[in-house]
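Read off the chains here:
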Amino acid sequence: MREDGPAICDGKNYIIIKGSFMKLAKLKTQKQCQLGRASVDVAGLLGHPVGTQFRLHSGGGKQRLMRPEPVEHTEDLADAIAADESAADNRNLLANQTSQAMTKERIMEMREQGATGKEIVTTIVDNSTNLRVDSLSQLLTACSVRPGGRYLVLESGCLAVTVAAVLERLGGHGHLVHLFQGGTPQRHAVDAINFTSDQLACLSCLDLRTLMTHHPADPTASAPAYTRTRCEDSELALNMLSSKEMDGLLLCCRQHPVNLLRYLLRFLAVSRPFAVFCPYKEPLLECYFAMKAEGCIMLKVTETWLRNYQVLPERTHPEINMSGGGGYILSGFKVDRSLNRAPVTD
Amino acid sequence: MSFKEYKTHVEMGDTVILYLNIKNIHAITVTEEVKNKKGNMVPNIFQTVYGALKVKDLVGMKYGSQVQMTRGWAFALHPTPELWTLTLPHRTQILYTPDISIVLTQLELRPGSVVCEAGTGSGSLSHAILRTIAPTGHLHTFDFHEQRSRLAAEEFSAHGVGDYVTARHRDVCGEGFDLDSVADAVFLDLPRPYDAVPFAKQALKKSGGRICSFSPCIEQVQKTCDSLRKHGFTELQTLECLQREFQVRKSVMSVFDLSQPPTDGSADGDERPSKKAAMEERPREVLTGIPLTTMPGHTGFLTFATLPPVMTSAT
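All figures in this text were calculated on a predicted structure; none of them were measured in a lab.

(A) Fine view of the domain arrangement of chain B. Structurally, chain B comprises domain 1 (15-79) and domain 2 (85-239 + 300-307). The C-alpha centroid of domain 2 of chain B is placed 32 Å from the C-alpha centroid of domain 1 of chain B.

What follows is the structure, encoded as structure tokens:
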């Protein structure tokens with residue numbers, strides 16, 4: 001029995017970590033859990049506390065199911081290397097890595113409040129989008145995302161990662177309009193997190209075409225919305241946007257952002273920030289000048305650079321640079337220049 | 001008062017971010033009077049390069065509008081933790097937004113999170129944490145410097161976020177957090193963070209949690225990682241985050257016209273090229289974004305780790 005905290009349950013989403021391998025999976029007793037080449041017997045995982053570390057033992061049977069056993073002391077591979085003096089020798093290190101005793105598995109529930117942006121990006125995304133977790137983190141602060149705020153997010157091609165991240169930061173307070181273009185909005189990341197219905201109620205999806213034309217959404221559209229019908233969602237989103245007082249605008253899409261930014265800026269309140277992510281710098285340079293012409297201030301184009309380090313006794317050094325592919329961000333503030341028609345100088 | 005939630009208009013007691021230009025941004029507390037250096041109360045007048053501003057005139061203005069002054073104008077912006085980080089009075093070296101952003105994400109902070117922070121410093125990170133964990137979370141922040149701890153507490157109160165934070169004067173490395181199994185996350189920005197690790201473990205919930213230690217020096221990082229492993233923390237990750245800003249300009253470059261050979265001035269077939277022969281040049285405007293000449297090269301190393309849930313024998 002545990003003192004507090006949830007237990008691993010059948011039918012819920014979890015993040016499974018094996019060494020540096022991370023996977024998002026729904027655990028079902030009828031199915032095995034595939035971890036690379038190993039198949040794990042799910043029944044052995046259920047009921048244990050979230051965050052438990054398991055050791056895998058080779059099981060019998062035709063399917064070669066591995067049997068998980070909860071372990072008392074959690075160990076990192078790095079711990080074991082650090083403790084093992086013979087690991088100073090390269091050959092021994094290699095041998096240790098392949099030995100069965102070194103294989104550990106740990107299961108961590110994506111908590112009921114939702115997984116973090118980091119986990120969403122690294123597990124679901126898996127190099128299939130160009131939005132890294134460090135860029136996502138910067139987007140959230142560039143727009144000062146806060147509970148109770150009202151945010152407009154136009155996202156495509158990021159599997160709803162930005163939407164999920166903002167929704168997590170709202171925590172059931174405030175509102176998020178997810179603007180999408182044509183078809184149905186992506187929802188992978190939002191679905192993967194076990195958001196409560198209160199949290200999902202903060203989210204409404206709106207087709208860009210509906211916003212521009214005010215023609216109601218197609219009621220026969222295939223994918224249902226989260227807590228409302230597609231029509232109700234559109235109506236709610238349109239109402240929210242009609243006041244043109246959104247607290248933040250976030251753009252993260254495959255299309256060139258400049259037209260979208262020019263059009264969507266009108267929904268942002270004054271003294272509120274916007275942030276645009278783009279895998280390429282050049283479109284953001286155009287956006288910079290477009291926003292300058294609109295009178296925006298504090299315009300900034302940045303890129304974030306992350307470097308990981310291996311920290312071990314006598315063996316501390318940086319790991320591979322991740323400077324490529326992180327993308328760029330343009331941020332700025334909308335202001336009201338109607339008082340004084342002074343020219344834009346800075 | 002305007003840190004708690006967004007407002008549309010300036011009220012007395014608010015903190016307003018006055019934007020003159022990119023190098024001139026100031027946080028101003030809106031009061032009628034202010035204490036001068038001699039300790040006397042004088043009218044609150046803020047001097048800028050564009051003239052003087054009677055601060056009380058800001059009351060009733062819409063946030064985001066222009067503020068007229070004698071020789072120019074500025075913008076009155078609504079405060080955010082990010083703008084506060086750029087304008088707050090430095091009592092210590094502070095954390096800036098690129099690092100703060102990573103900390104908020106990697107510590108998995110969200111509304112309702114309970115966080116321990118040591119040291120409070122100038123409250124840069126504290127304001128960002130408070131914004132992220134409100135309205136149901138709580139921040140316990142500690143500093144071993146009595147005056148800094150007190151000033152931070154006063155600021156939190158003046159900013160309307162006092163209910164979400166407990167600021168204490170305490171040396172957590174020597175005395176611990178005096179908290180047991182309450183925190184979802186612990187953040188350490190200390191000279192000797194490794195000494196605080198066992199106390200951090202005690203403060204974290206039994207169902208597990210996250211920890212982050214920020215250190216400028218690699219030796220501190222090594223000792224901290226050592227201590228984290230010894231106390232059962234896992235998923236250790238050390239990284240540094242840098243933000244590079246681009247100078248965005250429209251540059252004009254001249255372009256040689258190479259479509260035709262240069263005109264030859266001599267008439268008698270002399271093959272020497274004419275001295276006057278010139279390539280035709282046309283100017284072309286290009287959009288450029290080049291890195292600023294100086295950029296921050298290092299702030300500190302961020303080390304993250306997870307405390308797994310406590311296992312009991314009867315599971």
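(B) Inspection of helix α6 (residues 193-203) of chain B at higher detail. Residues and elements named next belong to chain B. Among the residues of α6, those classed as buried are Pro193, Tyr194, Ala196, Val197, Ala200 and Ala203. Buried positions in α6, seen along its axis, are confined to an arc of 135° and lie on one side of it. Looking at the buried side of α6, the elements it contacts are β9 (114-118), α5 (172-175), β12 (185-188), β13 (209-215) and α7 (218-230).

(C) Highlighting the UniProt feature "binding site: S-adenosyl-L-methionine" (unreviewed entry) in chain B. Residue and element names in this part refer to chain B. Following the UniProt record, the feature "binding site: S-adenosyl-L-methionine" (unreviewed entry) maps to Ser122, Gly123, Ser124, Leu125, Asp143, Asp171 and Asp189 here. Along the chain, the position of Ser122 falls in the loop between β9 and α3 (124-133). The exposure class assigned to Ser122 is buried, which follows from its relative accessible area of 3%. Residues contacting Ser122, with those up to four places away along its chain left out, are Leu88, Pro89, His90, Arg91, Thr92, Ile94 and Glu155. Within the structure, Ser122 has its side chain in polar contact with the side chain of Thr92 (distance 2.9 Å). By the secondary structure assignment, Leu125 is in helix α3.

(D) Highlighting the packing of aromatic side chains. All names here are of chain B. As enumerated under the stated definition, the model contains seven aromatic pairs over all chains in all. For the pair Trp73 and Phe75, a centre-to-centre distance of 5.5 Å together with 75° between the ring planes defines the contact as edge-to-face. The same class applies to Trp73 and to Phe75, which are both buried. Ring centres of Phe142 and Phe177 lie 5.3 Å apart, and the angle between their planes is 75°; on these two criteria the pair is classed as edge-to-face. Residue Phe142 is located in strand β10 (residues 138-143), and its partner Phe177 is located in the loop between α5 and β12; the two are separated by 35 residues in the primary sequence.

Calculation rules
One numbering rule holds for all chains: residues counted from 1, following each sequence as written. Written order determines the labels here, with chains lettered from A and ligands numbered from 1. Local features in a predicted model are, by the rule used here, given only for residues with pLDDT of at least 70; side-chain atom pairs are given and counted only at 80 or more, and totals for whole chains, interfaces and linings are based on all residues. Remark: hydrogens and water are excluded; side-chain values derive from all non-hydrogen atoms of the structure. Each domain's extent was defined by an automatic or database domain assignment. Whether a residue is buried, partly exposed or exposed follows from its accessible area with a 1.4 Å probe, protein chains only, as a fraction of its type maximum: under 20%, in between, or over 50%, in that order. Where helices and strands are cited, they refer to DSSP runs of H or I of at least four residues and of E of at least two residues respectively, numbered from the N terminus. This arc corresponds to the set of directions leading from the helix axis out to the C-beta atoms. Note on contacts: a residue pair qualifies if any of its non-hydrogen atoms lie within 4.5 Å across the two residues. UniProt positions are given in the numbering used here, feature names are shortened, and annotations may be inferred rather than shown by experiment. Whenever two N or O atoms come within 3.5 Å, that pair is a polar contact, provided that in protein one can donate a hydrogen and the other can accept it, and provided that, for residues adjacent in sequence, both atoms are side-chain atoms. Aromatic rings from Phe, Tyr and Trp, taking only the six-membered ring of Trp, are treated as a pair when their centres fall within 6.5 Å; an angle between ring planes under 30 degrees marks them as stacked, one over 60 as edge-to-face, and anything in between as tilted.

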